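Structural features, examined
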Amino acid sequence: MNPEPALLTDAEHDELELTVLVRHRLEEQYESLEQQHQTAAMGMWVFLATEVMFFGTLFLGLAVYRHLYPAAFEAGSESLNWIIGGINTLVLLVSSLTIVLAVHYARLGDRKKVVLFLLLTAALGLTFLGFKAIEYYLDYRENLIPGWRFDAREWVTEKGLSADQVPQVKLFLLFYWIMTGFHALHVTLGIVAVLIMAFLAYKGYFSSAYYSPVDVTALYWHFVDIVWIFLLPMLYLLGTHHLGT
Amino acid sequence: MAQRIISVPTYVTVLVVLVLLTVLTVAVSFFHVEGLWHIVIGLSIATVKASLVVLFFMHALHSPQATRAVIAITIFWLVAVFFALTFSDYFTRGLLPYLPGH
C-alpha cells in the first residue's frame, strides 16, 4: 500500500499512536491517566453515594411501613409476580457480568470485544425492561394499580383483609410502583450510557491506557443491579409463597 | 489503571454464585416461616450478593484507599445512621406504654 519503506515498525507506530492518544486524553490538572481514571471512578462512587441516599429513603419507608402493617404488606407482596421479578434478577446479574467483561477487555485494548459486551449489556437491559413491561401489564390486568385500577372489595372478600387494611395494601403497591418505576428509569438511562460507550468504543475512542468512561459507566450499571438485588426480597419475597398458586 | 486484573473465570464464578443465591432466596420464600424471618433471610442473602458485586464486579477489592473510604462512609451512613437510628425509634415505640406524656 505504501510505496516508501516504513519509517517505523508496526510496534513503534502503535506506541507513537498510543502516546499521541494519551496526550490527547489527559486533562492538564492530572499527573497521569491513572490518576485521572481514579478520580473519575471516585467521582462516580460519590454520585452513587447520593443514589444510595435516594433509594435508601424509599427502602427505609418501605421497611418502616412493613413493620407497622405486616399483614397487609405480606398480602400485597404475595400478589406480585415473583416469577418475572426473579427472572429479571437473573437478567440483571448476567448483564453485570457482560459489562464487567467489557471493562476487562477495554483494559486489554480489545476493541471488538468491548463493543460486543457493551451491546450485550444494552440488550440485556432492554430484556429487563421488556419483562418489566409484561409485568406491569399483568399488574394492570390484576387490578394492582391504586388510584387507577384497584378493587378494594376483592381484597376484603377474596384475600381476607379487613377494610382498615385495604389502604395499607395500597401503600405497599405505591412503594412497588415508585421503586420499580425509578429503578426502570435508571435502567433506561444506563442503557443510553452503555450504547454511547459502545459507539465510542466502535469509533476507537478508547485504548488500554484510556478507558475510564467505560469503567465509570460499568460502576453505574452495577449499582442499578444492586438496587434490584435488594428490591427482590423487599418487594416480592415479603410473604410466604405457595406452590401451585 | 495499574491494578491487579481479576481473571475472566473469577468473574464467571462470581456470577454463578450470584445466580445460586438468587435461586436460594426465592426458594426460601416457599418455606412457612414467620414474616419477619423472610425479611431477615432475604436481606442477608441480598447483602451477600451486593457485597460480591461491589468487591469483584465494581473492583472495590483493588480500588485506591480514597475510593474505599467513600464506599465505607456510604455503607456506614445507610446502615448505622439511616436505618439503625430510624429503627431505634419505630421498633421501640409502645415498649413503654405508660410513659408520662405519651
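Attention in this report is confined to the structure presented alongside it. None of the values given here were measured: they were computed from a predicted structure.

Bringing the overall build of chain B into the picture now. What chain B contains, in helices and strands, is three helices and zero strands. N-terminal to C-terminal, the α/β element order of chain B is α-α-α. Taken over the C-alpha trace, chain B has a radius of gyration of 19 Å; the compact-globule value for 102 residues is 13 Å, which it surpasses by more than 25%. Across its three principal axes, chain B shows a C-alpha extent of roughly 65 × 40 × 10 Å. If you take every contact in chain B between residues at least 6 apart in sequence, the share linking residues at least 24 apart comes to 64%.

Of note, the phi angle at N143(A) is positive, near 55°, even though the residue is not glycine. Residue position: N143(A) is located in the loop between α5 (111–141) and β1 (144–145). Residue class for N143(A) comes out buried when judged on its relative accessible area of 18%. Unlike most non-glycine residues, H59(B) shows phi in positive territory, near 60°. Locating H59(B) in the fold gives a position in the loop between α2 (35–57) and α3 (65–90).

Another aspect to go through is helix α3 (residues 70–78) of chain A. Within the sequence span of α3(A), burial applies to A72(A), F73(A), A75(A), G76(A) and S77(A). On its buried side, α3(A) packs onto α2 (33–68), α6 (152–157), α7 (165–202) and α8 (212–236) of chain A.

If you look at the interface, chain B gives 49 residues, while chain A gives 53 residues. Linking chain B with chain A are zero salt bridges, by the criterion used here. Applying the counting rule to chain B against chain A returns four residue pairs in polar contact (both at pLDDT 80 or more). Mapped onto the side of chain B that touches chain A, the elements with two or more residues apiece are α1 (8–28), α2 and α3 of chain B. Element by element, the count of residues in the side of chain B that touches chain A is highest for α2(B), at 13 residues. Residues belonging to the side of chain B that touches chain A are distributed by class as follows: 34 nonpolar, 13 polar and two charged.

Take the packing of α3(A) against α7(A) next. Residues and elements named next belong to chain A. The interhelical angle for the contact between α3 and α7, taken along N-to-C directions, is 55°, at an axis separation of 8 Å. Compared by their axis directions, α3 and α7 come out oblique. In the crossing of α3 with α7, the sense of the turn from one axis to the other is right-handed. Where α3 approaches α7, its residues A71, A72, F73, G76 and S77 are matched on the opposing element by Q165, Q168, V169, L171, F172 and F175. For the contact of α3 with α7, the class distribution of residues is seven nonpolar, four polar and no charged.

As a further point, take the side chain of T98(A). Residues and elements named next belong to chain A. By the secondary structure assignment, T98 is in helix α4 (residues 82–107). By relative accessible area, which is 7% here, T98 ends up buried. Among residues more than four places away in sequence, those in contact with T98 are F117, L120, T121 and L124.

Attention now moves to the pattern of salt bridges. Overall, the coordinates contain four salt bridges over all chains when judged by the stated rule. Among the salt bridges present, the one from E135(A) reaches K132(A), with a minimum N-O distance of 2.7 Å. With E135(A) and K132(A) both in helix α5 and three residues apart, the pair spans about one turn of that helix. Given a relative accessible area of 1%, K132(A) falls into the buried group. Close ionic contact of R93(B) with D89(B) constitutes a salt bridge, the shortest N to O distance being 2.7 Å. We classify D89(B) as partly exposed; its relative accessible area is 35%.

Along an α-helix, residues three or four apart share an orientation, since each turn contains 3.6 residues. Residues and elements named next belong to chain A. Taking 1.5 Å of rise per residue, the 26 residues of α4 would be expected to cover 38 Å, and the 38 Å separating its terminal C-alpha atoms lies within 8% of that figure. With 21 of its 26 residues buried, α4 lies for the most part within the structure. Regarding α4, its N-cap is N81, as a side-chain oxygen of that residue lies 3.3 Å from the backbone nitrogen of I83 further along. Positive backbone phi, approximately 75°, marks G109, located one or two places after α4.

This brings us to the side chain of R66(A). With respect to the helices and strands, R66(A) occurs in helix α2. Those residues within four positions of R66(A) in sequence are excluded, and the remaining contacts are F73(A), E74(A), L238(A), G35(B), L36(B) and I39(B).

It is worth spelling out a negative patch on the surface at this point. Residues and elements named next belong to chain A. Taken together, D10, E12, D14, E15 and E17 make up a surface patch of like negative charges. Position of E12 among the secondary structure elements: in helix α1 (residues 10–25). Note on E12: relative accessible area 39%, which makes it partly exposed.

Cut-offs applied
Residues numbered from 1 in each chain as written. Chains lettered and ligands numbered in written order. Predicted model: local features only at pLDDT ≥ 70, side-chain atom pairs only at ≥ 80, totals over all residues. Heavy atoms only, no water. Helix = DSSP H or I, 4+ residues; strand = E, 2+ residues; numbered from the N terminus. Rg over C-alpha atoms; globule rule 2.2 N^0.38 Å. Contact = heavy atoms within 4.5 Å. Buried < 20%, exposed > 50% of the residue type's maximum accessible area, 1.4 Å probe, protein only. Salt bridge = Lys/Arg side-chain N within 4 Å of Asp/Glu carboxyl O. Polar contact = N/O pair within 3.5 Å; in protein donor to acceptor, adjacent residues only side chain to side chain. Nonpolar A, V, L, I, M, F, W, Y, C, P; charged D, E, K, R; others polar. Axes fitted to C-alpha atoms, helices over the stretch in contact; angles between N-to-C directions. Parallel < 35°, antiparallel > 145°, perpendicular 65-115°, else oblique. Left-handed = near helix turned anticlockwise from the far one by under 90°. Expected span 1.5 Å × (residues − 1). Patch = residues over 30% accessible without salt bridge, like charges linked within 9 Å, V, L, I, M, F, W, Y side chains within 5 Å. Areas by Shrake-Rupley, 256 points an atom, 1.4 Å probe, with all protein chains shown as cover. Lys, Arg positive; Asp, Glu negative; His and termini not counted. Charge placed at Lys NZ, Arg CZ, Asp CG, Glu CD.

Just geometry here; none of it tells us what the structure is for.
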